[in-house]
Amino acid sequence: MKLNVAVQMDPIARINIRGDSTFALLLEAQKRGHTLSYYTPDKLSLRGDELVAPVHRLSVRDQDGDHFTLGEAQRESLATFDVILLRQDPPFDLAYITSTHFLERIHPKTLVVNNPTSVRNAPEKIFVMDFPELMPPTLISRDLDEINSFRAEHGAVVMKPLHGHGGAAVFRILPQDMNFGSLYDMFSVTFREPWVIQRFLPEVKHGDKRIILVDGEFAGAVNRVPAADDLRSNMVRGGAAQATDLTPREREICARLGPALRQRGLLFVGIDVIDGNLTEINVTSPTGIRAIARLGGPDVAAKIWDAIETKRS
């Protein structure tokens with residue numbers, strides 16, 4: 001089966017191909033003989049009932065500094081594609097939300113991965129709150145009294161933006177922390193939406209496990225260990241990738257999430273687990289595929305394309 005595939009992503013010239021999951025998906029699609037096209041989300045236009053974009057034919061190669069070739073832009077109706085990979089990074093703002101409204105007009109006749117309606121309705125740090133029994137104690141709020149009450153109950157906490165990504169603006173706040181007032185003021189000015197306050201998990205020093213689920217099933221995992229002087233384990237923030245296996249608790253978490261992910265059409269999902277506690281469900285553009293493969297783990301990109309091809313058959 002040969003598919004006509006388009007990818008909606010951030011500028012391809014700027015990606016780090018060694019860690020970019022989208023690039024791994026493109027390499028695998030090309031290997032299977034699928035036709036690849038590329039456009040950036042700012043190029044989407046809705047003209048009447050037709051969703052169009054200037055798309056470029058795309059070829060990719062696993063070579064730093066020379067990883068892609070683009071053809072000339074051609075205006076095309078996106079409904080003519082078999083598959084669209086929705087792979088732009090957050091921020092999950094009104095521009096992102098608008099693109100999901102556009103793409104849901106052609107899904108599922110054109111299979112959009114992940115389902116744009118579910119992406120819009122499942123922000124990673126809110127969707128996870130559907131599973132409080134799997135999580136550490138968590139508050140989403142910008143109300144000072146509510147935050148202080150939560151801190152008084154749980155001691156050290158982590159505070160982070162609700163729609164942040166890549167470990168940006170993640171802080172640990174200790175009991176009686178003299179920086180809290182300034183940090184609260186900074187968050188109040190910087191972020192209009194509420195933010196996440198979560199009980200601090202000291203075992204994060206041993207790693208924050210990224211687990212990939214494909215169509216609701218475990219597909220691979222990597223343990224991300226933070227640098228000695230940093231709270232954040234994200235690899236873009238200096239976290240070190242380590243090979244890992246799942247614990248019984250982590251397998252329980254995967255089994256609990258699987259049916260909900262399949263029901264929502266969330267085919268490619270990355271969850272974060274610290275010391276047996278689910279902290280995020282990443283549905284926008286999960287990372288980890290290349291790190292898993294580099295450490296001798298499963299070929300997650302192949303599993304994703306197997307699932308896509310099955311849905312298109």
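Residues numbered from 1 in each chain as written. Predicted model: local features only at pLDDT ≥ 70, side-chain atom pairs only at ≥ 80, totals over all residues. Heavy atoms only, no water.

A.B. asks: Which parts of the structure should I look at to understand the sheet that holds strand β11 (residues 171-173)?
C.D. replies: Across the sheet, which stays open at both edges, the four strands sit in the order β9-β12-β10-β11 with antiparallel pairing between neighbours. The sheet is open, and its two borders are formed by β9 (138-141) and β11, each paired with just one other strand. Pairwise comparison of adjacent strand axes, ignoring direction, gives a mean angle of 25° for this sheet. As paired elements, strand β10 (residues 157-161) and strand β12 (residues 195-199) share five bridges and run antiparallel to each other. Bridging across to β12, M159 finds its partner in I197. (Pairing = 2+ DSSP bridges. Helix = DSSP H or I, 4+ residues; strand = E, 2+ residues; numbered from the N terminus. Axes fitted to C-alpha atoms, helices over the stretch in contact; angles between N-to-C directions.)

A.B. asks: Honestly, the pattern of salt bridges in this entry has me stumped. Any pointers?
C.D. replies: Should the charged atoms of two oppositely charged side chains come close, the side chains can pair. Scanning the model with the defined rule gives 20 salt bridges in all. Ionic pairing is found between D62 and R18, a salt bridge with its closest N-O pair at 3.1 Å. Of this pair, D62 sits in the loop between β4 (50-60) and β5 (68-70) while R18 sits in the loop between β1 (4-8) and α1 (21-31), and the two are 44 residues apart along the sequence. Assessed through its relative accessible area of 37%, D62 is described here as partly exposed. Classification of R18 as partly exposed rests on a relative accessible area of 33%. We note a salt bridge from R120 to E104, for which the minimum N-O separation is 3.1 Å. Linking R120 in helix α3 (residues 116-121) with E104 in the loop between α2 (94-103) and β8 (111-113), this pair joins segments that are 16 residues apart in sequence. For R120, a relative accessible area of 16% translates into the label buried. On the basis of relative accessible area, E104 is assigned to the partly exposed category, the value being 27%. Salt bridges sharing common partners tie together R18, D62, D64 and R290. (Salt bridge = Lys/Arg side-chain N within 4 Å of Asp/Glu carboxyl O. Buried < 20%, exposed > 50% of the residue type's maximum accessible area, 1.4 Å probe, protein only.)

A.B. asks: Please explain the layout of surface pockets as it appears in this structure.
C.D. replies: Where empty space is left can be seen by rolling a probe of water-molecule size over the atoms. Approximately 160 Å³ is the volume attributed to the second largest pocket. Per-class residue counts for the lining of the second largest pocket are three nonpolar, one polar and three charged. (1 Å grid on protein atoms, 1.4 Å probe; cavity = no way out; pocket = protein on both sides within 12 Å on 5 of 7 lines; lining within 4 Å. Points joined across faces, edges and corners; volume = space filled by probe spheres on them. Nonpolar A, V, L, I, M, F, W, Y, C, P; charged D, E, K, R; others polar.)

A.B. asks: Before we go on, may I ask you to explain helix α5 (residues 144-154) in this structure?
C.D. replies: Structural remark: α-helix, 3.6 residues per turn; residues separated by three or four positions point the same way. Of the positions making up α5, those classed as buried are I147, F150, R151 and H154. Taken around the axis of α5, the buried residues stretch over an arc of 100°, which confines them to a single face. Among the exposed residues of α5, those oriented more than 90 degrees off its buried face are D145, A152 and E153. Tucked into the core, α5 has its buried residues touching β9, β10, β11, α6 (180-190) and β12. The N-cap residue of α5 is D143: its side-chain oxygen and the backbone nitrogen of D145 are 3.3 Å apart. (Arc of directions from axis to C-beta. Contact = heavy atoms within 4.5 Å. Polar contact = N/O pair within 3.5 Å; in protein donor to acceptor, adjacent residues only side chain to side chain.)

A.B. asks: What should I look at first to understand the packing of α1 against helix α9 (residues 300-312) in this one?
C.D. replies: In a pair of packed helices, the angle between the axes and the distance between the axes together describe the arrangement. Running from N to C, α1 and α9 cross one another at 60°; their axes reach a closest spacing of 9 Å. As α1 packs across α9, the resulting crossing turns out to be right-handed. Here A24, L25, E28 and A29 of α1 come into contact with α9, specifically with A301, A302, I304 and W305. Taken together, the residues of the contact of α1 with α9 sort by class into seven nonpolar, no polar and one charged. (Left-handed = near helix turned anticlockwise from the far one by under 90°.)

A.B. asks: Before we go on, may I ask you to explain the side chain of S21 in this structure?
C.D. replies: Checked against the element boundaries, S21 lands in helix α1. At a separation of 3.3 Å, a polar atom in the side chain of S21 contacts the main-chain amide nitrogen of I289. Sequence-distant contacts of S21, that is, excluding residues within four places in its chain, are made with R87, F268, P286, T287, G288 and I289.

A.B. asks: In this structure, what is going on with unusual backbone geometry? I would like to understand it.
C.D. replies: Peptide bonds are trans in most cases, and residues, glycine excluded, mostly fall at negative phi. Of the consecutive residues P90 and P91, the connecting peptide bond is found in the cis state with omega at 25°. Relative to the helices and strands, P91 resides in the loop between β7 (83-86) and α2. Note that the residue after V113, namely N114, is joined by a cis bond; omega there is 0°. With respect to the secondary-structure elements, N114 resides in the loop between β8 and α3. One non-glycine residue, D215, lies in the positive phi region at around 50°. Relative to the elements of secondary structure, D215 occurs in the loop between β13 (208-214) and β14 (217-225). Its relative accessible area of 25% is what places D215 among the partly exposed residues. Positive phi, close to 50°, is recorded for D275, a residue that is not glycine. With respect to the element layout, D275 can be found in the loop between β16 (268-274) and β17 (277-282).

Bear in mind that shape data such as this cannot, by itself, settle questions of function.
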